[in-house]
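Listed below, chain by chain, are the residues.
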Amino acid sequence: MITKNLFFKTILFATLLFGATPTVYSDDDKREFVDLPEMMQQHQLVSMRDHLNAINEILFNMGEGDLDKAAETAENRLGMTSLKSHHASHMAKFMPEGMRQAGTNMHRAASRFALKAEEGDVLIAYKALQKVTGACVACHAGYKTHGANKSSITPKENKTDTRINLGLSQAEKAQFLAEMRKMLSSIQGVISGIGSNNPEQIIKAARYSGNRMARATPESVKKKTPPAFKEIGGPTHMMFEELIVRAETDDMESLAELTGKLMNQCITCHAMFKANE
Ligand code: HEC
Ligand code: HEC
């Protein structure tokens, strides 16, 4: 009881001192909140997970030297051709202009990549692919579809999202998702580095998501994540470290292959877990 009292007094003191409201649910995610109807939000997240799969498959195809297949994957799953299957026109109505534009940029970049890949020059294709991932990063930096008044990226009443719930608080989630966006930026930087044959850039990009990120995970989050999560998460950071080491010596094709393997980790984990209800 005494400790509890002390705890509240400390918070009260901190509040007086810093003028902050001590809410546990502070969501310091400053991105613009876009209120999509529930079904659409779910649909969007499913298609997002497929976006990441598509990038992974493209990297795999390129690693195999099959640029035609990479072009096909990009056009059908991310390019202008994919717009129909993503129900983009329905969704567009609910999006602010900037977000719509970011979406269009991504689809265009993917179609442009497909053309470059068909032309058959691998390095030029990687450069074009980097524009696609750049568009993913840009939209994620500006917008979110879950916010303070809609506590959830995956609402309780939704029965279609059966992924394991990590039960993160809003504040933990905000921080966790920010790390995830750094991971996406790392992938973007690595692809860009491969495209410009620039080991330094690969190393720099991979560093953000290596052991440094693993160490920075808050204790409270570590306590909430089950072993199965850590078994995927730990090796993911290690693979970024491996990229750093191998960037010094390996050729760009094998680095692309390693990046593709790394992305399997992203996909496996996204299929299994969600941040909260
Ligand atoms: C037009 C905007 C936009 C573009 C372009 C975009 N995303 Fe997203 N993405 C979002 C939003 C909004 C969310 C939900 C994020 C939130 O509310 O925190 C999201 C969520 C995700 C998620 C998490 C899915 C889940 O299960 O929760 C992944 C993975 C993802 N995006 C990958 C990608 C990749 C890869 C690309 C590029 C090929 C991409 N996104 C392009 C807006 C975008
Ligand atoms: C160990 C598990 C795990 C791994 C590995 C992982 N993620 Fe995630 N990621 C998550 C979870 C959980 C979410 C939140 C999904 C939700 O609640 O719908 C997420 C969300 C995201 C988002 C959405 C961010 C936002 O602003 O909402 C992006 C982008 C993302 N991940 C990219 C990646 C990339 C790229 C990789 C691989 C380099 C990766 N993730 C690896 C668990 C993981």
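Residues numbered from 1 in each chain as written. Chains lettered and ligands numbered in written order. Predicted model: local features only at pLDDT ≥ 70, side-chain atom pairs only at ≥ 80, totals over all residues.

Examining the overall build of the protein chain
Part 1 of the argument: Scanning the protein chain from terminus to terminus reveals 12 helices and 4 strands.
Part 2 of the argument: Buried positions account for 28% of the 277 residues belonging to the protein chain.
Part 3 of the argument: For the protein chain, restricting intrachain contacts to residue pairs at least 6 apart in sequence, the fraction spanning at least 24 positions comes to 77%. (Helix = DSSP H or I, 4+ residues; strand = E, 2+ residues; numbered from the N terminus. Buried ≥ 20, exposed ≤ 12 C-beta atoms within 10 Å, placed from the backbone. Contact = placed C-beta atoms within 7 Å.)

Remarks on the site of ligand 2
Part 1 of the argument: Near ligand 2 lie 23 residues; those nearest to it are Met180, Gly233, Cys266, Cys269 and Ala275.
Part 2 of the argument: Contributions of two or more residues to the shell around ligand 2 are made by α7 (170-195), α11 (227-247), α12 (252-272) and β4 (273-274).
Part 3 of the argument: In terms of residue class, the shell around ligand 2 is built from 15 nonpolar, 6 polar and 2 charged.
Part 4 of the argument: Residue contributions to the shell around ligand 2 reach at least three from each of two domains, namely domain 1 (31-162) and domain 2 (163-277). (Near = placed C-beta within 6 Å. Nonpolar A, V, L, I, M, F, W, Y, C, P; charged D, E, K, R; others polar. Domains from an automatic or database assignment.)

Considering helix α8 (residues 199-207)
Part 1 of the argument: Along α8, the residues that are buried comprise Ile202, Ala205 and Ala206. Projected onto a plane normal to the axis of α8, the buried residues spread over an arc of 95° and lie on a single side.
Part 2 of the argument: Packed against the buried residues of α8 are α7, α11 and α12. (Arc of directions from axis to C-beta.)

Details of the site of ligand 1
Part 1 of the argument: Taken together, 23 residues lie around ligand 1, and Met48, Gly103, Cys136, Cys139 and Lys144 are the ones closest in.
Part 2 of the argument: Elements represented by at least two residues in the shell around ligand 1 include exactly α2 (38-63), α5 (97-119), α6 (122-142) and β2 (143-144).
Part 3 of the argument: It is α2 that contributes the most residues to the shell around ligand 1, 6 residues altogether.
Part 4 of the argument: A per-class count over the shell around ligand 1 returns 15 nonpolar, 6 polar and 2 charged.

With respect to the packing of α2 against helix α3 (residues 67-77)
Part 1 of the argument: For the pair α2 and α3, interaxial distance at closest approach is 8 Å and the crossing angle is 165°. Considering their axes alone, α2 and α3 lie roughly antiparallel with respect to each other. In the crossing of α2 with α3, the sense of the turn from one axis to the other is left-handed. Residues Asp50, Ala54, Glu57, Ile58, Asn61 and Met62 of α2 lie in contact with α3, whose contacting residues are Leu67, Lys69, Ala70, Thr73, Ala74 and Arg77.
Part 2 of the argument: Residues belonging to the contact of α2 with α3 are distributed by class as follows: 6 nonpolar, 2 polar and 4 charged. (Axes fitted to C-alpha atoms, helices over the stretch in contact; angles between N-to-C directions. Parallel < 35°, antiparallel > 145°, perpendicular 65-115°, else oblique. Left-handed = near helix turned anticlockwise from the far one by under 90°.)

Remarks on α7
Part 1 of the argument: The end-to-end C-alpha separation of α7 is 37 Å, in line with the 38 Å expected for 26 residues at 1.5 Å each.
Part 2 of the argument: All buried positions along α7 are accounted for by Gln170, Lys173, Ser186, Ile187, Gln188, Gly189, Val190, Ile191, Ser192, Gly193, Ile194 and Gly195.
Part 3 of the argument: Each element contacted by the buried residues of α7 is listed here: α6, α8, α11 and α12. (Expected span 1.5 Å × (residues − 1).)

Section: unusual backbone geometry
Peptide bonds are trans in most cases, and residues, glycine excluded, mostly fall at negative phi.
Part 1 of the argument: Positive phi is not limited to glycine here, since Asn197 has a value of about 50°.
Part 2 of the argument: Structurally, Asn197 can be placed in the loop between α7 and α8.

Looking at the confidence of the model for the protein chain
Part 1 of the argument: Per-chain confidence: the protein chain averages 84 in pLDDT, with 84% of residues scoring 70 or above.
Part 2 of the argument: At the level of individual helices and strands, the protein chain shows its lowest average pLDDT in helix α1 (residues 2-18), which scores 39, and its highest in α8, which scores 97.
Part 3 of the argument: Contacts for the low-pLDDT stretch residues 1-26, under 50 throughout, to residues beyond four places or in other chains number 12 contacts.
Part 4 of the argument: Scored below 50 in pLDDT, residues 148-155 shows 15 contacts in the model against residues more than four places distant or in partner chains. (pLDDT = per-residue confidence, 0-100.)

What about the packing of α6 against α7?
A pair of packed helices is captured by two measures, namely the crossing angle of their axes and the spacing between those axes.
Part 1 of the argument: Relative to each other, α6 and α7 sit at 160°, their axes nearing to 8 Å. Accordingly, the angle class assigned to the pair α6 and α7 is roughly antiparallel. Once α6 is placed against α7, the crossing between them reads as left-handed. Touching Leu123, Tyr126, Lys127, Leu129, Gln130, Thr133, Gly134, Cys136, Val137, His140 and Ala141 of α6 are Arg181, Leu184, Ser185, Ile187, Gln188, Ile191, Ser192, Ile194 and Gly195, all from α7.
Part 2 of the argument: Across the contact of α6 with α7, the residue classes tally to 10 nonpolar, 8 polar and 2 charged.

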